[in-house]
Amino acid sequence: MSDSQTTDPQTTDPQTTDPQTTDPQTTVAELRRLIDDFVDRRDWHQFHSPKNLSMSLAIEAAELMEHFQWLSADESRKLAEKPSRLAAVGEELADVLCYALAMANELGIDLSTAIRGKIAKNERKYPVEQYRGRFGPEDGR
């Protein structure tokens, strides 16, 4: 979502108004409602087909990746020490999550169930005993 799409006088940016994080108090359901209300007030459900949302999500993910392009792994971690760059990354990450939540809304996917199921599948696929500290089977560590 571009800046013009995300600017809404009825919402505030907690990163700029409150230095404390709100993640511990915010539920997935609240975020889904926030996105649904935003989309609904603009009559954008007509544009939010799964095809369009998946494309938008990929575009925003690419914009997120641009912030890390050409950086080493260490440099990418140090980005957290640069408030203006971190804020820009936060905006792109928010765009990715907004489109993911919008897709879950449109398709009726329960994200908690989907994530728990995916983690359970990955637990079986990547047992801790075999993969701790390794990125995959070709990692000979």
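Look up: the structure comes first, before these words.
Attention here is on the structure that accompanies the text. (Residues numbered from 1 in each chain as written. Predicted model: local features only at pLDDT ≥ 70, side-chain atom pairs only at ≥ 80, totals over all residues. Heavy atoms only, no water.)

## Regarding the packing of aromatic side chains
Quick reminder of the rule: Paired rings are identified among Phe, Tyr and Trp, the last through its six-membered ring, by centres lying within 6.5 Å, and are further divided according to the angle between planes into stacked (under 30 degrees), edge-to-face (over 60) and tilted (the rest). Note on classification: 1.4 Å probe, protein chains only; a residue is buried when its accessible area is under 20% of the maximum for its type, exposed when over 50%, partly exposed between these limits.
Counting across every chain of the model gives two aromatic pairs. Taking the centre distance of 5.7 Å and the plane angle of 70° together, the rings of Phe38 and Trp44 count as edge-to-face. Accessibility expressed as a relative area gives 8% for Phe38, which makes it buried. Look at Tyr126 and Tyr131: their rings are 5.1 Å apart centre to centre, the planes differ by 90°, and that puts the pair in the edge-to-face class. The class of Tyr126 is partly exposed, set by a relative accessible area of 35%.

## Considering the side chain of Arg32
Rules: In DSSP terms, a helix is any run of H or I states spanning at least four residues, a strand is any run of E spanning at least two, and both are numbered starting from the N terminus. Neither His nor the chain termini are counted; the positive set is Lys and Arg, and the negative set is Asp and Glu. What makes a salt bridge here is a side-chain nitrogen of Lys or Arg within 4 Å of a carboxyl oxygen of Asp or Glu, nothing more. Whenever a nitrogen or oxygen atom comes within 3.5 Å of another N or O atom, the pair is scored as a polar contact, on the condition that within protein one atom can donate a hydrogen and the other can accept it, and that pairs from neighbouring residues in sequence are kept only if both atoms are in side chains. Only heavy atoms enter the contact rule, under which two residues are in contact if any of them lie within 4.5 Å.
Relative to the elements of secondary structure, Arg32 occurs in helix α3 (residues 28-41). No salt bridge is formed by the buried Arg32, whose closest oppositely charged neighbour, Asp110, lies at an N-O distance of 5.6 Å. Among the polar contacts listed, one links the side chain of Arg32 to the backbone oxygen of Ile109, at a separation of 2.6 Å. Ignoring any residue separated from it by four or fewer positions in sequence, one finds Arg32 in contact with Leu101, Ala104, Asn105, Ile109, Asp110 and Leu111.

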